[in-house]
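# Observations on the model geometry
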Amino acid sequence: MLFERFKMIMKIIGELALVGAIASVFIVAAQGLAAERAAEETAGREYMRSLDELMSKARNKKTIASWNYESNITQHNNEVNLQVALEVAEEEKEYWKSTMSYLWHEYQDPDLKRMFEKYSKLGTSALPEDLNERLISAISNMQTNYAKATICDYKDRTKCDLHVEPEVTEIFRTSNDAEELKYTWLEWHKAAGAVSKGNFTEYVNMDNEAAKLNGYDSVAEWWLSEYEATDSEDQFASLWAEIKPLYQQIHAYVRRHLRLKYGESVVPAKGPIPAHLLGNIWAQTWNNVEKFTRPYPEKPDVDVTAALIAQNYTALKMFKTADEFFTSLNLIPMPELFWERSIIEKPNDGRDMVCHASAWDFFDGEDFRIKQCTTITDAFFKTTHHEMGHIQYYLQYKDQPVIYRAGANPGFHEAVGDVIALSVATPKHLKVMGLLEEGPEDLESNINQLYKMGLEKIVFLPFGYLLDLFRYGVFRGTTTTQDYNCHFWQLRESLQGIEPPAPRSEDDFDPAAKYHISADVEYMRYYISYIIQFQFHRSLCQLAGEYDPEDPTKLLSNCDIYKSTEAGNALSNMLQLGSSKPWPDAMEALTGTRNMEASGVLEYFKPLHDWLKAENERTGEFVGWEPSTVPYCTAEQRSAMESSGFNTRLKKYASL
């Protein structure tokens, strides 16, 4: 009996020893695997460092070639730009092959994993060389056509050298002749739009091929991936649903004044507004109708353009003034190379160039430039601050790895310069700068100022939203080549409440008359930026002690963060992140919230919204718009839109 118990104990001890031995094997194996993975991550980290250097050189080379072409459009520069782009694409393809040989999905370091994940998307370089060449050529052809497009003057048909900037823009800024505006609108859209339809279709096909090679169904999904959320489109639509009532009130108010000016035969009482009467060739902002629609016209006008001219502002002085605003916030001054290499006025040497204002990062940590054909106007004063905001973002994240040298999401980059411009445009700041004489800051003057801002900020939102809704449909194949113009104008009527000045057909291609369509620039970033800049502004104003919702003397609309290092330091902390963290982290760093919200913009414009509702009710103005009577779709196209589900999607995303 005792012996049997002894045997049992020895058996248990043996089994435990075996279990222990097996466990030891697993522990040793696990330790070995952990050491192996740690070694792999170390190797991956070293690879990222070397790849960062290689990508810095590749992007620098590509950016230089692109700058040379856009700042001097010649056949030679075009050929060099194409060749360099193809060379860099092949280099990136080889780097991508090396990147994909690493088991980065298993890495424990989230930052290293994020870098590898970003580099795992090859972009358009994934295309075979012949298709990539076709893509680059299609975009280049559209850009060249846009840059070189000219029209004849309405009053002198022998003068046929009018470009969109500055001549066409100036006509829309100053003319009150409905026929001149209609003629100029039609001629520009013919010159800049219709001829690019074939290149646009080629671009769509090639870019979609690239998207599929990167694992996306279409370019729409590819662009949306930059917002790092599965419900981005729903978020965009929700933001618009919140802002739409304010836009409709502005629309109704402006339509009434345009009708009083041009007559009901030109501007319908309940219909969409004709696109050529809103002071802008694209009807994307309506600032230039403010002078005859101002809520309180007897109040002194804030004419910044006149003040700039009277005080002998030059392009350089405008840029120096903008630089001083940034440095007053304890942000980084523009480096010497910026002043040496930027083009801030159109050269008088007869060259063709892309005049659309743009900021450039040359990816070497030293070279940052702006290319802008500046004229002395209030609009360019604000544009200068906007573009310098991009440069400030570049400077703040220049020490990040190349793959992180971007905005937290595309909208962040656009919002940074604009949030500065919100302070610059206030009467408070204009007085500090000597651009506005001392005057009363009463309720009526504030409504005038908010109205002027609304014609820029609120009016832009449906345009900023619809441009990529249109392209999403094109990329996904729900908008075909045969329906480009019809679908484009259906979106413009539904969201903006505007109509073309004359019948349109598929022989026209009006989308390409907008630079960002011709230049392959994702546009939802602007829509997002025009909303989140007010979130940023509210937070910065509170840090600066300039805004208190309980204090009527500290309005959000008159907040100026000039010289507030507290605000500047907070902004800097967000900008330095680049795209190293998901955008909600960057948003939270500045605002304390992880969501994009419309509350900031609605808070800013609430006094105007309340005033407009009361005024439109007082005058009995119809709010909203009935269907346009100007034909731009055939009966067959309208029937197809209904049966294909286009109208259902439109109702969802347009909050109809």
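Calculation criteria
- Residues numbered from 1 in each chain as written.
- Predicted model: local features only at pLDDT ≥ 70, side-chain atom pairs only at ≥ 80, totals over all residues.
- Heavy atoms only, no water.
- Helix = DSSP H or I, 4+ residues; strand = E, 2+ residues; numbered from the N terminus.
- Rg over C-alpha atoms; globule rule 2.2 N^0.38 Å.
- Contact = heavy atoms within 4.5 Å.
- Lys, Arg positive; Asp, Glu negative; His and termini not counted.
- Charge placed at Lys NZ, Arg CZ, Asp CG, Glu CD.
- Salt bridge = Lys/Arg side-chain N within 4 Å of Asp/Glu carboxyl O.
- Buried < 20%, exposed > 50% of the residue type's maximum accessible area, 1.4 Å probe, protein only.
- Phe/Tyr/Trp six-rings, centres within 6.5 Å; stacked < 30°, edge-to-face > 60°.
- Lys NZ or Arg CZ within 6 Å of the ring centre and 35° of its normal.
- Polar contact = N/O pair within 3.5 Å; in protein donor to acceptor, adjacent residues only side chain to side chain.
- Pairing = 2+ DSSP bridges.
- 1 Å grid on protein atoms, 1.4 Å probe; cavity = no way out; pocket = protein on both sides within 12 Å on 5 of 7 lines; lining within 4 Å.
- Points joined across faces, edges and corners; volume = space filled by probe spheres on them.
- Nonpolar A, V, L, I, M, F, W, Y, C, P; charged D, E, K, R; others polar.
- Axes fitted to C-alpha atoms, helices over the stretch in contact; angles between N-to-C directions.
- Parallel < 35°, antiparallel > 145°, perpendicular 65-115°, else oblique.
- Left-handed = near helix turned anticlockwise from the far one by under 90°.
- Disulfide = S-S within 2.5 Å.

## Concerning the overall build of the protein
Regarding its fold elements, the protein presents 24 helices and four strands. Relative to the globule expectation of 26 Å for 656 residues, the C-alpha radius of gyration of the protein, 28 Å, shows essentially globular dimensions. Overall, the protein is about 115 × 60 × 55 Å in size when its C-alpha atoms are taken along their principal axes. Considering only contacts within the protein whose residues lie at least 6 apart along the sequence, 77% involve residues at least 24 apart. Side chains of the protein carry 67 positive and 97 negative charges; the gap between the two charge centres is 2 Å.

## Here we look at the pattern of salt bridges
Tallied over the entire structure, the rule returns 42 salt bridges. Arg 45 is the partner of Asp 109 in a salt bridge, and the nearest nitrogen-oxygen pair spans 3.0 Å. Of the two residues, Asp 109 sits in the loop between helix H2 (75-99) and helix H3 (110-119) while Arg 45 sits in helix H1 (residues 2-70), which places them 64 residues apart along the sequence. By relative accessible area, Asp 109 is classed as partly exposed at 23%. Assessed through its relative accessible area of 28%, Arg 45 is described here as partly exposed.

## Comments concerning the packing of aromatic side chains
Under the definition given, this model contains 47 aromatic pairs. Each ring, one from Tyr 146 and one from Trp 188, has its centre 5.5 Å from the other, and the planes form 85°; the classification is edge-to-face. Here Tyr 146, found in helix H4 (residues 129-148), pairs with Trp 188, found in helix H6 (residues 178-192); they are 42 residues apart in sequence, far enough to count as distant. For the pair formed by Tyr 146 and Trp 188, the shared burial category is buried. Ring geometry for Trp 223 versus Phe 475: centroids 5.2 Å apart, planes at 85°, classification edge-to-face. Of this pair, Trp 223 sits in helix H8 (residues 219-224) while Phe 475 sits in helix H16 (residues 443-476), and the two are 252 residues apart along the sequence. Classification of Trp 223 by relative accessible area gives buried; the value is 12%. The rings of Trp 185, Phe 200, Tyr 203, Trp 223, Phe 470, Phe 475, Tyr 484, Phe 488, Trp 489 and Phe 509 are connected pair by pair, giving a single aromatic cluster. Across from the ring centre of Tyr 183, 4.2 Å away, lies the NZ or CZ of Arg 157, which sits over that ring. Just above the ring of Phe 622 sits the side chain of Lys 270; from NZ or CZ to the centre is 5.3 Å.

## A closer look at the side chain of Glu 70
By the element assignment, Glu 70 lies in helix H1. Reaching out from Glu 70, the side chain makes a polar contact with the side chain of Gln 143 at a distance of 3.4 Å. With residues up to four places along the chain from it excluded, the contact list for Glu 70 reads Gln 143, Met 353, Val 354, Trp 360, Lys 371 and Tyr 515.

## Topic: the pairing of strand S3 (residues 368-371)
Each regular strand displays side chains that alternate between the two surfaces of the sheet. Here S3 shows a buried face lined by Phe 368 and Ile 370 and a second buried face lined by Arg 369 and Lys 371. With four bridges connecting them, strand S2 (residues 358-361) and S3 associate as antiparallel partners. Across the sheet, the residue bridging to Ala 359 is Ile 370, located in S3. Joining the antiparallel neighbours S2 and S3 is a turn of six residues, in which Phe 363 adopts a positive phi near 60°.

## Description of empty space enclosed by the protein
By the definition in use, this model includes three cavities of 30 Å³ or more. Approximately 90 Å³ is the volume attributed to the largest cavity. Contributing to the lining of the largest cavity are Val 302, Val 304, Asp 378, Phe 381, Lys 382, Val 424, Ala 425, Leu 430, Gln 449, Lys 452 and Met 453. For the lining of the largest cavity, the elements supplying multiple residues, two or more each, are helix H13 (378-396) and H16. Looking at side-chain class alone, the lining of the largest cavity contains seven nonpolar, one polar and three charged residues.

## Focus: the side chain of Arg 256
Mapped onto the elements, Arg 256 comes out in helix H9 (residues 232-262). No salt bridge is formed by the buried Arg 256, whose closest oppositely charged neighbour, Glu 621, lies at an N-O distance of 4.6 Å. When near neighbours in sequence (up to four residues on either side) are disregarded, Arg 256 contacts Thr 619 and Glu 621.

## Some points on the packing of helix H23 (residues 635-644) against helix H24 (residues 646-654)
A pair of packed helices is characterised by two quantities: the angle between their axes and the separation of those axes. One way to put it is that H23 packs onto H24 with a least axis distance of 4 Å and a crossing angle of 70°. Taken together, H23 and H24 sit at an angle that is classed as roughly perpendicular. For the pair H23 and H24, the contacting residues are Met 641, Glu 642 and Ser 644 in the first and Phe 646, Asn 647 and Arg 649 in the second. When the residues that make up the contact of H23 with H24 are grouped by side-chain class, the tally is two nonpolar, two polar and two charged.

## Looking at the packing of H16 against helix H19 (residues 524-543)
Between H16 and H19, the least distance of the axes is 7 Å, while the angle of their chain directions is 145°. In the crossing of H16 with H19, the sense of the turn from one axis to the other is left-handed. Packed against H16, whose contacting residues are Glu 456, Lys 457, Phe 460, Leu 461, Gly 464, Tyr 465, Asp 468, Leu 469 and Tyr 472, the element H19 presents Met 524, Tyr 526, Tyr 527, Tyr 530, Ile 531, Gln 533 and Phe 534 at the interface. A class-by-class count of the residues in the contact of H16 with H19 yields 11 nonpolar, two polar and three charged.

## A few points about the environment of Cys 541
Among the structural elements, Cys 541 can be located in helix H19. In sequence terms Cys 541 and Leu 443 are 98 residues apart; their C-alpha atoms lie 20 Å from each other. In this structure, Cys 541 is in contact with Glu 546, Tyr 547, Leu 556, Cys 559 and Ile 561, ignoring residues within four places of it in sequence.

## Structural notes on unusual backbone geometry
Of note, the bond from Glu 165 into Pro 166 is cis; its omega dihedral lies within 30 degrees of zero at 5°. Within the secondary structure layout, Pro 166 lies in helix H5 (residues 164-174). Non-glycine residue Phe 363 carries a positive phi angle of around 60°. Within the secondary structure, Phe 363 is located in the loop between S2 and S3. Taking the relative accessible area as the measure of exposure, Phe 363 reaches 15% and is therefore buried. Positive phi is not limited to glycine here, since Asp 520 has a value of about 60°. Relative to the helices and strands, Asp 520 resides in the loop between helix H18 (515-518) and H19.

## Let's talk about the state of the cysteines
This model, assessed by the stated rule, comprises four disulfides. The partner cysteine of Cys 152 in its disulfide is Cys 160, sulfur to sulfur 2.0 Å. With the S-S bond torsion at 95°, the cross-link from Cys 152 to Cys 160 turns out right-handed. Residue class for Cys 152 comes out partly exposed when judged on its relative accessible area of 21%. What pairs with Cys 541 in a disulfide is Cys 559, and their sulfur atoms sit 2.0 Å apart. Taking the torsion about the S-S bond as the criterion, the Cys 541 to Cys 559 disulfide, at about -100°, is left-handed. With Cys 541 in helix H19 and Cys 559 in the loop between H19 and helix H20 (565-575), the pair connects residues that are 18 residues apart, well separated along the chain. By the burial criterion, Cys 541 is buried, and Cys 559 matches it.

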